[in-house]
Amino acid sequence: MDYIIRLLRQLTIDDINFYNPVATKDLFRDMMDALDRMYNDVVNLKRENQELKDLVNSLKGEKGRPDIKPNKKKNKEHHQVKKSQMETNTKKTWKKSSKVDKLKIDRQETIPIDPSILPEDAQFKGYEERPVQNIKIITDNVLYKLEKYYSPSQNKTYIAQMPDSIGSSEFAPDLKALCVSLYFDHRVTENKILSFLTGCGIHISEGTLSNILTLENAAELSEEAETIFRAGQKSTNYQHMDDTGFRVNGQNKYAHIVCNDYYSSFFIRDRKNRDTVEDILLRNKGDVPDFDILVTDDAKQFSGVTDERALCWIHEERHYKKLTPFFKVHQDLVDDFRESIWEYYKQLKEYQEKPTEDKKILLNQKFDTLFNTQTGYTALDERIKLTREKKKYLLTALDHPEVPLHNNLAERGLRSIVVKRKISGGTKTSEGTTAWENYMSILETCKKLGVNFMDYIKDIFSGEHTKPRLSDLIPVRSNMSDIEYIYQGTEVI
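Residues numbered from 1 in each chain as written. Predicted model: local features only at pLDDT ≥ 70, side-chain atom pairs only at ≥ 80, totals over all residues. Heavy atoms only, no water.

**Student:** Report on the overall build of the protein, specifying residues and quantitative values.
**Tutor:** Along the backbone of the protein there are 19 helices and seven strands. Counting only residues that meet the buried cut, the protein has 38% of its 493 residues in that class. A separation of at least 24 residues holds for 65% of the contacts in the protein among residues at least 6 apart in sequence. For the protein, the accessible surface area stands at approximately 32,100 Å², while carbon and sulfur atoms represent 51% of it. (Helix = DSSP H or I, 4+ residues; strand = E, 2+ residues; numbered from the N terminus. Buried < 20%, exposed > 50% of the residue type's maximum accessible area, 1.4 Å probe, protein only. Contact = heavy atoms within 4.5 Å. Areas by Shrake-Rupley, 256 points an atom, 1.4 Å probe, with all protein chains shown as cover.)

**Student:** Which residues make up the sheet that holds strand 7 (residues 308–311), and what values do they have?
**Tutor:** One open sheet accounts for five strands, arranged 5-4-3-6-7; its pairing is mixed. If you trace the sheet from one side to the other, it starts and ends with strand 5 (263–269) and strand 7, each paired once. With strand direction ignored, the average angle separating the axes of adjacent strands in the sheet is 30 degrees. As judged from the four bridges shared by strand 6 (residues 293–296) and strand 7, these two strands associate in the parallel manner. In the strand pairing of strand 7, V295 is matched with A310. (Pairing = 2+ DSSP bridges. Axes fitted to C-alpha atoms, helices over the stretch in contact; angles between N-to-C directions.)

**Student:** Any details on the side chain of S265? Residues and values, ideally.
**Tutor:** Along the polypeptide, S265 turns up in strand 5. Excluding residues within four positions of it along the chain, S265 makes contact with A225, I228, F229, H256, I257, V258 and S441.

**Student:** With reference to specific residues and values, describe helix 12 (residues 378–388).
**Tutor:** Listed as buried for helix 12 are L380, D381, R383, I384 and T387. For helix 12, the arc enclosing every buried residue in end-on projection is 160 degrees, short of the 170-degree limit, so these residues lie on one face. For helix 12, the secondary structure elements touched by its buried residues are helix 9 (313–321), helix 10 (328–353), helix 11 (357–370) and helix 13 (391–394). (Arc of directions from axis to C-beta.)

**Student:** I'd love a proper account of a nonpolar patch on the surface, names of residues and values included.
**Tutor:** A cluster of nonpolar side chains, contributed by V142, Y144, L146 and I159, occupies part of the molecular surface with about 340 Å² of accessible area. Within the element layout of this structure, I159 appears in strand 2 (residues 156–159). (Patch = residues over 30% accessible without salt bridge, like charges linked within 9 Å, V, L, I, M, F, W, Y side chains within 5 Å. Salt bridge = Lys/Arg side-chain N within 4 Å of Asp/Glu carboxyl O.)

**Student:** Now, about empty space enclosed by the protein: what can you tell me, with residues and values included?
**Tutor:** A complete count under the given rule lists one cavity of 30 Å³ or more for this structure. Roughly 30 Å³ of internal volume is contained in the largest cavity. What lines the largest cavity is simply A310, L311, W313, Y393, L394, L395, T396, A397, P404 and L405. Contributing elements (two or more residues each) for the lining of the largest cavity: strand 7, helix 13 and helix 14 (396–399). (1 Å grid on protein atoms, 1.4 Å probe; cavity = no way out; pocket = protein on both sides within 12 Å on 5 of 7 lines; lining within 4 Å. Points joined across faces, edges and corners; volume = space filled by probe spheres on them.)

**Student:** How would you summarise the environment of Y254 if you had to cite specific residues and measurements?
**Tutor:** Examined against the element boundaries, Y254 turns out to sit in strand 4 (residues 251–260). Y254 sits in the partly exposed class, given a relative accessible area of 27%. Through-space distance from the C-alpha of Y254 to that of T244 is 5.6 Å; in sequence the pair is ten residues apart. In contact with Y254, other than residues within four places in its own chain, are T244, G245, F246, F267, I268, R269, D270, R271 and K272.

**Student:** So what about the pattern of salt bridges? Which residues, and what values?
**Tutor:** Once the charged atoms of two side chains with opposite charge are near each other, the side chains can pair. Summed over all chains, the structure comprises 23 salt bridges. The salt bridge partner of R269 is E437, with a shortest N-O separation of 3.0 Å. Separated by 168 residues along the polypeptide, R269 in strand 5 and E437 in helix 16 (residues 430–449) bring together distant segments of the chain. The salt bridge partner of D459 is R469, with a shortest N-O separation of 2.7 Å. You can see D459 sitting in helix 17 (residues 453–462) and its partner R469 sitting in the loop between helix 17 and helix 18 (470–478), a full ten residues away along the chain. A residue is classified by how much of its surface remains accessible, and D459, at 5% relative accessible area, is buried. R469 sits in the buried class, given a relative accessible area of 16%. One network of salt bridges, with partners in common, ties together D298, E316, R383 and K390.

Right, here's the structure in full:
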């Protein structure tokens, strides 16, 4: 039996067409489909059995099987489709560039040459510049001596006021902004931040540090995050949306992201159903216009929320990538069809750059031709049928060429909060949860607009508000090219 299965697994399409009489072709196909399903059932049962074993071990207080990925082999059992140019960036040749023009020079030192080595006819030809980078971490603790006067006639004491940027706090805006930057941008845990500050000569308690990260300027930061969201919704006629798991005080929640190229907004909620999606997108809209299109994966909670919807081609192709055919003939069919999908995807990208009515009609017809293919491999044909049913949402770009063909922007945006969640384990309080929403929204929007996050937070903590608000920069950025935006003095990251 094993020998027969090994022979069947190596059969190609040409072999089947040669050996397979027409009268027995359907029977042969059904037999291979049945064996393929049995193979996948065994694989799934083994995985489920191992998961149950790990669960039993964890309930007993033991460790489960470690999740160690196998070594990658050059010759895999299942042939893999070559990565197309849409899936990976072309490798660029690295060239070292000069840092002098980019560096902030704090001081200069002139180093004279030893005159004893110079010949008598040596002529001075200026200087050769060699920048050396360094950083100093020193305290800047200030003892403020507030003048104090007493009036006997008034029986009253008069004391000078502290600077508005500091108020009654024991810590300056620079220090607070550094703590926030370390925690949210650089993903340093609170205890490590505390250790770092203590080592630098700062005396601060765990509770005070926690309050800076969660309670400091909370109302203003919430307003900041809200204005970012409103401005972001106005900046394009489409929005990306996605979600991922989150933990609040040990309870399972969900972190949602709504974004486009100019902003990111995060929302942590109990659920990820349609009511939650509608509440996030449509709540307190005020003067925010209804955007037309929501770019998402094919999860049901996103259906029908907006006038139109664009499905992600990358997500759709992953369904084909997840097929695990047992026979080589089926593996070849899957690989060939995946190549056809990527070729069609490339044509959609080209259409977006130069859309015409003729191209639109042609791509519409090509979709019907491609996704009406019958390969003879049941699992693949069923997958093709499911894709065909999503035609309306996969081809949104034909009517709206400006709408992206994938939802990678939202997926990449969620990575920042996922990594931070893995390090910190989530939040414990509602105040901490709100702080994560606010700071992550500001942080990711700063990155998209080329704004220094720590400087921006310092501007908020100081109360000076000398920097342009992110909500004001979003419409500016959305109406400029990269070159024009850089010309305005803000570097695009």
